[in-house]
Each structure stands twice: as structure tokens, then as C-alpha cells.
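Chains, contacts and geometry: an overview
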Amino acid sequence: MVNGRTVLECFPAGGPRGSWPAEEFAQARRMEGLQAEVVMDLATDTFLVVVRGGEAAVDAVA
């Protein structure tokens, strides 16, 4: 967990489709009930799919 967020997946920003794979992954997680969002990590040049707080950990246990 980083800054109160759990990273679900990382996608390279330099890919030919840009943020689309990250947005598609986040949309699939939202369809499962998670409040997933895409953020850009400038330090590593990656798109991160994250959920705030302990939401992913709670769902993983349930």
C-alpha cells in the first residue's frame, strides 16, 4: 500500500496504446465492484491501477 492506495497492476506509459490497457483493466475491476482508478507514476513512467485505502485487501479476504 502506497499513500493509502493499493496498486493492483502497472502498465508502461511508453506502450503503443498509451493508457488504454490500464483504463481497460481498471474498468474490469470497477465491474467487479472495486473503486479502481488509473494514476500516472512520473518517477517510473508507468500507469498504475489503484484502489484507495484497504479496499482491495478487504475484498481479497472476503
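Everything in this summary refers to the structure shown in the same document. Quick caveat: nothing in here was measured; it's all calculated off a predicted structure.

Topic: unusual backbone geometry
- Here aspartate 45, not a glycine, exhibits a phi torsion of approximately 55°, which is positive.
- Among the secondary structure elements, aspartate 45 is positioned in the loop between strand E2 (37-41) and strand E3 (46-52).
- The class for aspartate 45 is partly exposed, based on a relative accessible area of 42%.

A short note on the nonpolar core
- Phe11, Ala13, Ala22, Ala26, Leu34, Ala36, Phe47, Val49 and Val51 form the largest nonpolar core, which has nine residues in total.
- Elements represented by at least two residues in this core include exactly helix H1 (20-31) and E3.
- In terms of residue count, the dominant contributor to this core is E3 (three residues).

Criteria and thresholds
Residues numbered from 1 in each chain as written. Predicted model: local features only at pLDDT ≥ 70, side-chain atom pairs only at ≥ 80, totals over all residues. Heavy atoms only, no water. Helix = DSSP H or I, 4+ residues; strand = E, 2+ residues; numbered from the N terminus. Buried < 20%, exposed > 50% of the residue type's maximum accessible area, 1.4 Å probe, protein only. Core = buried A, V, L, I, M, F, W, Y, C linked by side-chain atoms within 4.5 Å.

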